[in-house]
Amino acid sequence: MNQPYDLVRARPEPEFEISVDGAPVPVIPGQTIGAALHGAGIRSWRTTRIGARPRGLFCGIGVCFDCLVTVNGSPSLRACLTEARPGDRVSTGARAGQVGPGGRAGDGDGTDGGKTVNGR
Amino acid sequence: MKPLYDLAVIGAGPAGVAGALTASFAGLDVVLIDAAPRPGGQYFRHLPQGFNAQAPGALHHGLDGFTRQWETLRARADVLLGHKVWAVERAEGTVTVRCLEGDREERPRTVTARGLLIATGAHDRPLPFPGWDLPGVLTAGGAQALLKGNLVVAGRKVVVAGTGPFLLPVAAGLAEAGADVRGVYEANGRLGLARHPLLAAGKAGEALGYGASLARHRVPYRGRHAVIAAHGEGALTHVTVARLDSAWRPVSTRTVECDTLAYGYGFVPQLELPVQLGCATRADADGSPVVTVDGGLRTSVPGVYAAGESTGVGGAVLAEVEGRIAGRSAAADLGRRVPPLPRLSRRRDRLAAFAKALLEAYPVRPGWQGWLRDDTLVCRCEEVPLSAVREAQDLGAIDARSVKLLARPGMGWCQGRMCGYAVACLAGEDPAAPRRPIAQPIRLGDLAAPTRSPLEG
Amino acid sequence: MPDVVVIGAGVVGAACAYYAARAGLDVVVVDRGPVAGGTTGAGEGNVLVSDKEPGPELDLALLSNGLWRELAELDGFEFEAKGGLVVAETGEVLEALTGLAGKQGVEHTVVPSGGLGDYEPHLAGGFAGGVFYPQDAQVQPMLAAATLIRRGADRFGRGTLMLRTGVTVAGFLRDGDRIGGVTTDHGDILAGAVVNAAGTWGGEVAAMAGVHVPVLPRRGFILVTEPFDEPLIRHKVYTAAYVTNVASDSEGLETSAVVEGTPSGPVLIGASRERVGFDRTVSVPVLERLARQAVELFPALADRRAIRAYCGFRPYCPDHLPVIGEDPRAPGLHHACGHEGAGIGLAPATGHLIAQTLAGHRPDLDLTPFRPDRFEERR
Ligand SMILES: Cc1cc2nc3c(=O)[nH]c(=O)nc-3n(C[C@H](O)[C@H](O)[C@H](O)COP(=O)(O)OP(=O)(O)OC[C@H]3O[C@@H](n4cnc5c(N)ncnc54)[C@H](O)[C@@H]3O)c2cc1C
Ligand SMILES: Cc1cc2nc3c(=O)[nH]c(=O)nc-3n(C[C@H](O)[C@H](O)[C@H](O)COP(=O)(O)OP(=O)(O)OC[C@H]3O[C@@H](n4cnc5c(N)ncnc54)[C@H](O)[C@@H]3O)c2cc1C
Ligand code: FES
C-alpha cells in the first residue's frame, strides 16, 4: 500500500500519462509536472548553462527556478508550479550552445535603495 | 469582478484568508488573489481534487478551521486563484495589482482597489554548502510541499537538517508517509525553547506530537549537528554530518547514506511587493528584513497593510491573527464601524513574543561559512563559486550589492531569493530588503500588450 | 601626500586614476560606497560612436573607442567589439541615417533592407535598411572600473594608486586660492590636485568648492531577460529614433530600445530617459514601452521572459556635454563628470585627458567645449 495515500485516505482518480523527452510518466490529476517527475524517481531534468550541472526540484514552491522545463514548446516553465495535463510533451534537455565558464554579462543593477548611492 | 474593490488581498494563506474574510464581514468589497491554483498558502496547502482525499486534515493541524473560513469567504468575496502578481503600484489612493493568470498560457490581468493587504508569506532560507545543488537536495519546505500538495514522498532514505522547530513537522510528515528518515540534525540546541512559557501553554501539544511520531518511527533527533556536505555523482547518495561547536564549526564528522536531504535554516519573508510600493522595512530578530507595521498592521504607505510572514516569521496561528487585525484596520480606515478588540491585539503580542523567542533560540551562527570550499557555489543560478565572491571583495566590493555587480550572485533566474541571505552574510551585513521591480518573470509579449482587467477577454 | 585625490570610484574616476598613475602621479581614489556602486553599476556598457552627432562628443568618443581597445588587453573584464546596427523604419529615415553616417566620418556600412537578415537573423521584417557601425562595442562597466583601479595599482606599485571605499568627501582644503585636498568623514586628505568624478553627484561636490557645475539626474530603466542558451541577437541593435532621443531636451519620458545579447545569456533592453529627479519608484508604463519596442525589433523575444529591471540616474548637463578640465574658479580642482548616457564609453578618453592636464601636458583634444565654467554666462 502507498502510505501517503492511506494517511489521507485518498481514492485517486485514474492516472494519465505525460511524455517526458519521449518517455511516459504517470500523473494523478492535479499533480504538478515536477511532482510527477520526482515521484517517478526522476531527480534531475535540466543542466545549467555554465557548468552543465544537473538540476531538478529544490525549493518546490516556485522561487528557485531550478526546475525549468519546456512544455508543448513553451519554454522556461517552473515544473513545480505547472499542473500536468493529459498528453503534455515535456522536453528537458539543455539546448546546445552553452557559454563557457567566466561568461559575464554587462548588466548592472542600480536597484540599491541608496545606502551607497543615496537618492537625494 | 468589479472595476474598483475596497480591498485587494494578495495571498490565500492563513493571513490573507483571515484578513479577507474579516474585511468582508466588516462590509468591504474584497478580492483575494493568489498565485497557487488552490488556497491554503504554505501551511494549509491543499491536495488537488484528483486525490479524493477523505482525511486531508491528517497533513495539517487546524485544517478544518481554515476550510470553514475559506468556504465562507468564497461565498462573500471574489477570489482569483492562479494569479501571480508581478507588480503593484499606487497612485492617488488607488492600488493597481498586475497579475499573470494561468500557469503556462499566462494572461495579463489588472485589479484595482482602494486598499491592499499583502500576505505573501515566506520561502525557505537555505544556506550554501558543498553539494547543495545536487539533485536530491531539497529545501525542507519543498519536501513538505511535495507531500501536502502532491502526495509525493520526497525520497526513500531521507535526512532532515537545518535549524528551527519547522524541521520536526517535516521529518514527522515524511516518516508517517513511509520514508526512512535517517535522522534530524538541528544545528542549534535541541531543546532551544523547551521552557518557554508559551510552549508550555499551548504549542507543547503540537511539538510533543511530532516528537512522539519521530520516536515511534525511531528517527534520531540530534542537536548541534548539521549536514555540511552532500555527495553523489549526478544525484545524492550520502551526506557528511558534523557535530558542531557553539559557533557551528565542525568538531567531528561522519557519513550518512541517503537519497534525499530536506533542509532549511529558517524562512525569508517575500517582500518584493511591499518594497515596490515603498513600504518601510526593518530588520527582524534574525536580521531578515520584514515590513514595518503599526499595531493595526498598517505599513508606512497609506492604505497598504501587511500580515503573516511578511511582517516577521511566526507561523500559521500568528499569521491568522494578524490577518484578522489587518482586515479590521482596512475596514476602519475606510470608514466602516469596527469596534475595538483588544483581546486580538494581546493575542498577537503574545504570539509575536513567542515568534521572536524562536528566532533567538534558533539563530544562524557564522560557522557555516567555514563549511564552504573555494569551488562551492554560492549562487546556484549564475553558478558563482565562493572564490569569485572573494575576488570581488578583493576588487573593492564592500557590500552585498557590489559583490553582486562584480561577481553576479543574485543576477540569475531566482533573483537572489536563494543566495541573497548567504551573500549578505559573506559580505558582512544583514540582508537588505529586496528591490525587484518584476516580482514574477513576465513574457515580453505580455509586458508589451496593453493590460486588461479580469472583466475583459 | 598623494599628487591627486579622485572623488568617485565609478568608471570615470577609475579611468582618471588609472591614467594619472600611468603618468607617474600618486593617486588616491575615494568613494563613499564601493567601487562601481554609483551610476556605473546601473549602466549598460555600450561604447558607441554611432549615436553621436559630429562635434566634440564624437571626437571624444572616437578617442575613447581606441583607448578601450587598448585597455581590454588588461584582462579582467569583458570587452566585445561586436558592432552596432541602427535600423530605419522608413526610406526617409534611412536617408537621414545614411546622411548622418556620412557626416560622422566614422567607419560604417549602409545595409539595404534585404541585407539586414545577414546581420541579425531574428530581426523583424519591414525595415527600410540600416547602417552598421563596426566600432560600436560593449564593456562590462563594473568589472572594468574595478579592474582599472586594480591594474593601475598593480602596474605602478601599490601606494601610487590607492582605493579607499566607504569614505565620504565633505568639503575641500584650500592652500590660498588653490584647492589642496579634501575633508572626509575619515579625516583630511591633502593632495596637489583633486578630481571631481562624482558622476550625478558632481554638482554637489562642485558646490562644496563654491563653484556652479549643473549636473542633474536623467533616469533610465533597463529590462533584463531570462538567460538564453543560444545567442539570439549578435550586435547592438536599435532604431534611428534612439539618436534623436539621446540629444533631446524633453522632460518627459522617451524610450527607444537598444537591444543586445550578453555573454552570460540575458538580453538587455535599455533604456528609457526621463527627468524625474532621484525617484526610484518602478514605472510599469516605462517597462511596457521598452518591452514593446524590443518585441517590435525582435518578435522572437515575445515568448521570452523579463526577469528583472533596474534603474539609474545619468549625470547630465543642460548642453548634454560632459565637464572635463581644471576649474579656473577653483584652481587645483579638475572636473570629470556629467557624461550622461555615455560615461562608460567616454571614460578612457576623459581619464586620459585629465591625466594630461594634471601632469601639465597639452591635452590631445581641445577641452574648450567641456570647460567647467561654460554655464556661468547662461545663468
Ligand atoms: C514551502 C513551505 C512549507 C511550509 N510548511 C509548513 C508546515 O508544514 N507547517 C508549518 O507550521 N509551517 C510551514 N511553513 C511556514 C509558513 O510560512 C507558515 O506556517 C504560514 O503558512 C504563513 O502564513 P502566511 O499566510 O503568512 O503565508 P503563506 O501561507 O505562505 O501564504 C502566502 C501565499 O501568498 C501567495 N503569494 C506569494 N507571492 C505571491 C505573488 N507574487 N502573487 C500571488 N500570490 C503570491 C503564495 O502563493 C501563498 O499562497 C512553510 C513554509 C514554506 C515556505
Ligand atoms: C540606465 C542607464 C543606462 C546607461 N547605459 C550606458 C551605456 O550603455 N553606455 C555608456 O557609456 N553609458 C551608459 N550610461 C551612463 C553611464 O552609466 C554613466 O555616464 C557613467 O556610469 C558615469 O560614471 P561616473 O564614474 O561619472 O559616475 P558614477 O559611476 O556614478 O560614480 C560616481 C561615484 O562618486 C561617488 N560619490 C559621489 N559623491 C561622493 C562624495 N561626496 N564622496 C565620495 N564619493 C562620492 C559615488 O558613490 C559614485 O560611486 C547609462 C546610464 C543609465 C542610468
Ligand atoms: S523547484 Fe524551485 S522553482 Fe520549482
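Going by what an unreviewed UniProt entry lists, chain C is known as FAD-dependent oxidoreductase and is assigned to Streptosporangium minutum.

Labelled according to an unreviewed UniProt entry, chain A appears under the name Proline dehydrogenase, originating from Streptosporangium minutum.

Draft legend 1. Structural view of the interface of chain A and chain B. Facing the 64 residues of chain A at the interface are 71 residues of chain B. Roughly 5,400 Å² is buried in total at the junction of chain A and chain B, and carbon and sulfur atoms are behind 53% of that figure. Considering only the surface of chain A that becomes buried against chain B, V8, R43 and F58 of chain A emerge as the three largest contributors, covering 14% of it. The interface formed by chain A and chain B includes 10 salt bridges. At the boundary of chain A and chain B, one finds 30 residue pairs in polar contact (both at pLDDT 80 or more).

Draft legend 2. Representation of the confidence of the model for chain C within the structure. Model confidence for chain C is summarised by a mean pLDDT of 92, while 95% of its residues fall at 70 or above. Scored by ipTM, the complex comes to 0.95, with pTM at 0.94.

Draft legend 3. Fine view of the environment of G76 of chain C. Residue and element names in this part refer to chain C. With respect to the element layout, G76 can be found in the loop between α2 (56-71) and β4 (79-80). Remark: the alpha-carbon pair of G76 and V237, spanning 161 residues in sequence, is separated by 26 Å. Beyond its immediate stretch of four places on either side in the chain, G76 contacts L143, T147 and R151.

Draft legend 4. Representation of the packing of aromatic side chains. The final tally for this structure, using the stated rule, is 17 aromatic pairs over all chains. Seen from their ring centres, F44 of chain B and F66 of chain B are 4.8 Å apart, and the 20° between their planes marks the pair as stacked. In this pair, F44 of chain B is assigned in the loop between β2 (30-33) and α2 (63-76) and F66 of chain B in helix α2, connecting sequence segments 22 residues apart. Using a relative accessible area of 6% as the deciding quantity, one classes F44 of chain B as buried. By relative accessible area, which is 3% here, F66 of chain B ends up buried. Measuring from ring centre to ring centre gives 6.1 Å for Y263 of chain B and Y265 of chain B, while their planes differ by 75°; the resulting arrangement is edge-to-face. Judged on exposure class, the residue Y263 of chain B and its partner Y265 of chain B are both buried. Here the aromatic cluster, defined as three or more aromatic residues joined through ring pairs, consists of F58 of chain A together with F129, W132, W248, Y263, Y265 and W371 of chain B. When the ring centre of Y421 of chain B is taken as reference, the NZ or CZ atom of R125 of chain B above it lies at 4.2 Å. Across the ring face of W201 of chain C, the terminal group of R32 of chain C is positioned such that the distance to the ring centre comes to 5.0 Å.

Draft legend 5. Summary view of the interface of chain C and chain B. Across the contact, 41 residues belong to chain C and 33 residues belong to chain B. At the boundary of chain C with chain B, total buried surface from both sides reaches about 3,200 Å², with 63% on carbon and sulfur atoms. Taken as a group, R305, I307 and R308 of chain C account for 19% of the area that chain C buries against chain B, more than any other trio of residues on that side. Applying the counting rule to chain C against chain B returns 4 salt bridges. Here E288 of chain C and R98 of chain B are joined by a salt bridge, their closest N and O atoms 3.6 Å apart. Between the two partners, chain C and chain B, sit 8 residue pairs in polar contact (both at pLDDT 80 or more). With 7 residues, the single largest contributor to the side of chain C that touches chain B is helix α8 (residues 284-297) of chain C. Considering only residue class, the side of chain C that touches chain B consists of 22 nonpolar, 10 polar and 9 charged. Pairing between strand β22 (residues 442-443) of chain B and strand β18 (residues 305-316) of chain C: 2 bridges, direction antiparallel. Across the sheet, residue I442 of chain B finds its bridge partner in β18 of chain C, namely A306 of chain C.

Draft legend 6. Focus on the domain arrangement of chain C. Residue and element names in this part refer to chain C. For chain C, the assigned domains read domain 1 (4-71 + 141-214 + 319-370) and domain 2 (82-134 + 216-316). Computed over C-alpha atoms only, the centres of domain 1 and domain 2 are separated by 28 Å. Contact with domain 1, which involves 26 residues of that partner, is made by 35 residues of domain 2. Summed over both sides, the interface of domain 1 with domain 2 buries roughly 2,300 Å², with 59% coming from carbon and sulfur. Joining domain 1 to domain 2, the criterion identifies 2 salt bridges. Linking domain 1 with domain 2 are 10 residue pairs in polar contact (both at pLDDT 80 or more), by the criterion used here.

Draft legend 7. Geometry of the site of ligand 2. Residue and element names in this part refer to chain C. What surrounds ligand 2 is a group of 35 residues, the closest being D31, T40, N46, E340 and G345. One of the side-chain nitrogen or oxygen atoms of D31 is found 2.6 Å away from an oxygen atom of ligand 2. One nitrogen or oxygen atom from the side chain of T40 is found 2.5 Å from an oxygen atom belonging to ligand 2. Protein chains bury 98% of the 1,000 Å² of accessible surface belonging to ligand 2 in isolation. Elements represented by at least two residues in the shell around ligand 2 include exactly α1 (11-22), β14 (216-225), β18 and α9 (343-358). Broken down by element, the shell around ligand 2 gets its largest block of residues, 4 residues, from β18. Tallied by class, the residues present in the shell around ligand 2 amount to 14 nonpolar, 16 polar and 5 charged.

Draft legend 8. How the structure looks around the pairing of strand β13 (residues 193-196) of chain C. Residues and elements named next belong to chain C. Burial of β13 is two-sided: the residues A193 and V195 facing one way and the residues V194 and N196 facing the other way are all buried. Two elements, strand β1 (residues 4-7) and β13, share 4 bridges in a ladder whose sense is parallel. Note that in β13 the partner of V4 across the bridge is A193. Where β13 lies against strand β20 (residues 333-337), 3 bridges are found, and the strand directions are parallel. Across the sheet, the residue bridging to V195 is H334, located in β20.

Draft legend 9. Region of interest: the pattern of salt bridges. Scanning all chains against the criterion turns up 52 salt bridges over all chains. Across the pair R150 of chain C and D394 of chain B runs a salt bridge whose closest N-O atoms are separated by 3.1 Å. Here D394 of chain B lies in helix α9 (residues 386-394) and R150 of chain C lies in helix α5 (residues 141-156), a pairing that spans two chains. Between R219 of chain C and E274 of chain C there is a salt bridge, with its nearest N and O atoms 3.0 Å apart. In this pair, R219 of chain C is assigned in strand β14 and E274 of chain C in the loop between β17 (267-273) and α8, connecting sequence segments 55 residues apart. We classify R219 of chain C as buried; its relative accessible area is 4%. In this structure, a network of salt bridges that share partners links the residues R46, R53, R55 and D66 of chain A together with D133, R380 and E383 of chain B.

Draft legend 10. Quick peek at the side chain of T184 of chain C. Residue and element names in this part refer to chain C. Locating T184 in the fold gives a position in strand β11 (residues 178-184). Judged by its relative accessible area of 11%, T184 is buried. At a separation of 2.8 Å, a polar atom in the side chain of T184 contacts the main-chain amide nitrogen of H186. Residues in contact with T184, not counting those within four places in the same chain, are V167, T168, V169, A170 and I189.

Draft legend 11. Examining the sheet that holds strand β14 (residues 250-257) of chain B more closely. All names here are of chain B. Read from one edge of the open sheet, 3 strands run β12-β13-β14, paired in antiparallel fashion. Of all strands in the sheet, those bounded by a partner on one side alone are β12 (225-231) and β14. Neighbour to neighbour, the strand axes of the sheet diverge by 25° on average, direction disregarded. Here strand β13 (residues 238-244) pairs with β14 via 7 bridges, running antiparallel. Residue pairing across strands places A242 opposite T253, the latter belonging to β14.

Draft legend 12. The arrangement of the environment of L85 of chain C in detail. Residues and elements named next belong to chain C. Inspection of the secondary structure assignment puts L85 in strand β5 (residues 84-88). Since its relative accessible area comes to 0%, L85 is described here as buried. Along the primary structure L85 and Q356 are separated by 271 residues, whereas in three dimensions their C-alpha atoms are 34 Å apart.

Cut-offs used in this document
- Residues numbered from 1 in each chain as written.
- Chains lettered and ligands numbered in written order.
- Predicted model: local features only at pLDDT ≥ 70, side-chain atom pairs only at ≥ 80, totals over all residues.
- Heavy atoms only, no water.
- Contact = heavy atoms within 4.5 Å.
- Buried area = accessible area lost by both parts, 1.4 Å probe.
- Salt bridge = Lys/Arg side-chain N within 4 Å of Asp/Glu carboxyl O.
- Polar contact = N/O pair within 3.5 Å; in protein donor to acceptor, adjacent residues only side chain to side chain.
- pLDDT = per-residue confidence, 0-100.
- Helix = DSSP H or I, 4+ residues; strand = E, 2+ residues; numbered from the N terminus.
- Phe/Tyr/Trp six-rings, centres within 6.5 Å; stacked < 30°, edge-to-face > 60°.
- Buried < 20%, exposed > 50% of the residue type's maximum accessible area, 1.4 Å probe, protein only.
- Lys NZ or Arg CZ within 6 Å of the ring centre and 35° of its normal.
- Nonpolar A, V, L, I, M, F, W, Y, C, P; charged D, E, K, R; others polar.
- Pairing = 2+ DSSP bridges.
- Domains from an automatic or database assignment.
- Near = heavy atom within 4 Å.
- Areas by Shrake-Rupley, 256 points an atom, 1.4 Å probe, with all protein chains shown as cover.
- Axes fitted to C-alpha atoms, helices over the stretch in contact; angles between N-to-C directions.

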